[in-house]
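Breakdown of the fold
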Amino acid sequence: MIDETHDPALTSWVCPEGHAEFPVQNLPFGVFSHAGGEKRAGVAIGDFVLDLAAAAHAGPLTGFDAGAVSSPCLNALFAWDCDTRRRLRQRLSALLSQPGRKSEVEPFLAPANRVTLHCPMAISDYTDFYAGIHHATNVGRLFRPDNPLLPNYKYVPIGYHGRASSVRASGAPVTRPSGQCKGEEPVPQFGPSGRLDFELELGIWIGAGNKLGASIPIGEARSHIAGFCLLNDWSARDLQAWEYQPLGPFLAKNFLTTISPWIVTAEALEPFRAAQAARPEGDPPPLDYLWDEQDQEKGAYAIDLDVHLVTPKMRAVGAAPQVITRTSSTYLYWTPAQLVAHHASNGCNLTTGDLLGTGTISGPERGTYGSLLEISAGGREPLALASGESRSFLEDGDEVLITGRAKRDGYVTIGFGDCRGVVVERRRDVGMDVLAPMLRAGHR
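Read on for an overview of the structure. The residue numbering used here restarts from 1 in each chain and proceeds along that chain's sequence as written. Thresholds applied to this predicted model are a pLDDT of at least 70 for local features of residues and 80 or more for the giving and counting of side-chain atom pairs; totals over whole chains, interfaces and linings are not thresholded and use all residues. Hydrogens and water are ignored here; the side-chain numbers use all heavy atoms of the structure.

**Looking at the overall build of the protein**
This is how the line gets drawn: Numbering goes from the N terminus for both helices and strands, where a helix is a DSSP run of H or I of at least four residues and a strand is a run of E of at least two. Our radius of gyration looks at C-alpha atoms and nothing else; its globule reference is 2.2 Å times the residue count to the power 0.38. The classification of residues rests on relative accessible area computed with a 1.4 Å probe and restricted to protein chains. Under 20% of the type maximum is buried, over 50% is exposed, and intermediate values are partly exposed. Contacts were defined at the residue level, with two residues in contact if any of their heavy atoms lie within 4.5 Å. Surface accessibility follows the Shrake-Rupley procedure with a 1.4 Å probe radius. Residue values consider only the protein chains on display as shielding.
Helix and strand content of the protein: 12 helices and 27 strands. In summary, the protein has a C-alpha radius of gyration of 22 Å against a globular reference of 22 Å for 444 residues, a match within 12%. With the C-alpha coordinates aligned to their principal axes, the bounding extent of the protein is approximately 75 × 50 × 45 Å. The buried share among the 444 residues of the protein stands at 53%. Taking all contacts inside the protein whose residues are at least 6 apart in sequence as the whole, residues at least 24 apart take part in 74%. Accessible surface, the protein as shown: approximately 19600 Å² in total, 53% of it carbon and sulfur.

**Some thoughts on the environment of serine 103**
Here serine 103 lies in helix H5 (residues 102-105). Serine 103 gets classed as exposed once you look at its relative accessible area, which sits at 62%. When the C-alpha positions of serine 103 and histidine 308 are compared, they lie 40 Å apart, and in sequence the two are 205 residues distant.

**Comments concerning the environment of tryptophan 291**
Mapping tryptophan 291 onto the fold places it in the loop between strand S18 (273-274) and helix H8 (293-298). Owing to a relative accessible area of 35%, tryptophan 291 belongs among the partly exposed residues under this scheme. Along the sequence, tryptophan 291 and valine 31 sit 260 residues apart, while their C-alpha atoms lie 36 Å from each other. Excluding anything up to four places from it in sequence, tryptophan 291 contacts Ile218, Pro286 and Gln296.

**A short note on the side chain of aspartate 3**
For the record, the criterion: His residues and chain termini do not enter the charge count, which takes Lys and Arg as positive and Asp and Glu as negative. Take a side-chain nitrogen of Lys or Arg and a carboxyl oxygen of Asp or Glu: if they are within 4 Å of each other, that pair is a salt bridge. Whenever a nitrogen or oxygen atom comes within 3.5 Å of another N or O atom, the pair is scored as a polar contact, on the condition that within protein one atom can donate a hydrogen and the other can accept it, and that pairs from neighbouring residues in sequence are kept only if both atoms are in side chains.
Structurally, aspartate 3 is set in the segment before strand S1 (29-33). Although buried, aspartate 3 forms no salt bridge, and the nearest oppositely charged side chain, arginine 86, lies 4.7 Å from it. In this structure the side chain of aspartate 3 is engaged in a polar contact, spanning 3.2 Å, whose partner is the side chain of glutamine 90. The contacts of aspartate 3, once residues within four sequence positions are left out, are Arg86 and Gln90.

**Topic: the nonpolar core**
What counts here: Nine residue types can take part in a nonpolar core, namely buried Ala, Val, Leu, Ile, Met, Phe, Trp, Tyr and Cys, and a core is a set of them joined through side-chain atoms within 4.5 Å.
Of all hydrophobic cores here, the largest spans 56 residues; its most connected members are Phe198, Leu269, Ile324, Val340, Leu394 and Val400. Listing elements by their share of this core, those giving two or more residues are helix H6 (133-143), strand S13 (200-206), strand S14 (225-232), strand S20 (303-310), helix H10 (336-344), helix H11 (372-375), strand S25 (399-406) and strand S27 (419-424). No other element matches the five residues that H10 contributes to this core. Ignoring any residue separated from it by four or fewer positions in sequence, one finds valine 340 in contact with Ile206, Ile216, Ala221, His224, Ile225, Leu350 and Leu356. By size, the runner-up hydrophobic cluster in this structure holds 41 residues, among which are Ala55, Leu77, Leu96 and Phe108.

**Here we look at the sheet that holds strand S4 (residues 109-111)**
Counted only if it meets this: One bridge is not enough; two strands pair if DSSP finds at least two bridges between them. Angles run from 0 to 180 degrees between N-to-C directions of axes, and those axes are lines fitted to C-alpha atoms, restricted for helices to the stretch in contact.
Read across the open sheet, the five strands follow the order S4-S3-S2-S1-S5; overall the sheet is antiparallel. Of all strands in the sheet, those bounded by a partner on one side alone are S4 and strand S5 (116-118). Going across the sheet, the axis of each strand differs from the next one's by a mean of 45 degrees, ignoring polarity. With three bridges connecting them, S1 and S5 associate as antiparallel partners. Paired with serine 33 across the bridge in S5 is threonine 116.

**Structural notes on the packing of aromatic side chains**
The criterion, for reference: Two rings belonging to Phe, Tyr or Trp (six-membered ring only in the last case) form a pair when the distance between their centres is within 6.5 Å. Interplanar angles under 30 degrees mark stacking, angles over 60 mark edge-to-face geometry, and anything in between is tilted.
Counted by the stated rule, this structure contains seven aromatic pairs. Ring centres 6.0 Å apart and planes at 80 degrees place the aromatic pair tyrosine 130 and tyrosine 153 in the edge-to-face group. Of the two residues, tyrosine 130 is situated in the loop between strand S6 (126-129) and H6 and tyrosine 153 in the loop between H6 and strand S7 (159-161); the sequence distance between them amounts to 23 residues. According to the relative accessible area criterion, tyrosine 130 is partly exposed, its value standing at 29%.

**A closer look at the environment of alanine 341**
Position of alanine 341 among the secondary structure elements: in helix H10. Taking the C-alpha atoms as reference points, alanine 341 and proline 280, separated by 61 residues in sequence, lie 23 Å from one another. Ignoring sequence-local partners within four residues, the contact set of alanine 341 consists of Ile216, Ile218, Ala221, Tyr289 and Leu290.

These values are about where atoms sit, not about what they do.
What follows is the structure, given as structure tokens:
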């Protein structure tokens, strides 16, 4: 539902000139803390964060469950039904846009540059899909030039279960992972990954869940989506190539997943819904449990996505980040609702706070690829940087920054905040120093 909170003429007394990412039309939810303080629920408005806990106890948010609004994680709030979340959004919009409400709200605003942002929900499970067909085709072509897509791809939203414990908010260091790699040597070697990569994705946050044994009909799936974030599914390509058969990724993926810390709500993104891209002629239609006319008409989202890279050399001379990818969420082969419906179709119970990754989002041509594996053609064609350097895969000290903006004519653009991480060298700990000689000697 598009309502008064999306009015492009609406302004906020907090940021009268608007804001590139967090205008009053956005109002994303997150969790923050002051230095040495406890975690608190908040809402981004301009360059400030509104302390929801303080506002709930002081009066401006009376009528809502104070425990959910002031909780140090957002699970209880996003377990609400869509109508209750919409009413909270409308209340916040009024408080932050009506000048007469300034005196009762301003005491609860904190400068965003003076707080620390955290993972916004307690994540019970994390699933990563493979819904970017251009990415799947590009990667498949590297290994199977004559048959890049496997027969199931256009029928099944492919996915795997990731590791929820290693999901971190933007800014967490990216420790280069170690694992087994198999090159030309007769036996695999254990050591740091030499082919570390990023993957540009959207994260889908689950709101209301479903009971074990029950499915989620495709026509109802959108009501189970609380909101979205940016997501970087860091990948160690050399570890992955050796370990993924027959069960899929393991150590190559589970060492870290980075997300932008703000949940841009499904309500905020209503104006930016778009028609799902038509399938190419000859592609099979989705099976009935994945087909819904309304979802096809407006179940996709128009979100522009950029990937920026900063190398240590660039940082040393103060050079601006270089944009190495510009793409769009409209390239996804499956809609978010289809991913949710498929996930629960076998009776799997989704729960509030579950995180689903869309899979790498790439476009059809160079400049729109969502990973270095594609950009460098598997390392054979290194990316040339303006600094005079080149990259096939990420080196220590490299920083990857993902940004996203939802745009549509007639509406105010809204953003997602940063999703960034800097690669750091893995430090050998005492445990591995002791263990490695034992492994070489054949001990168990």
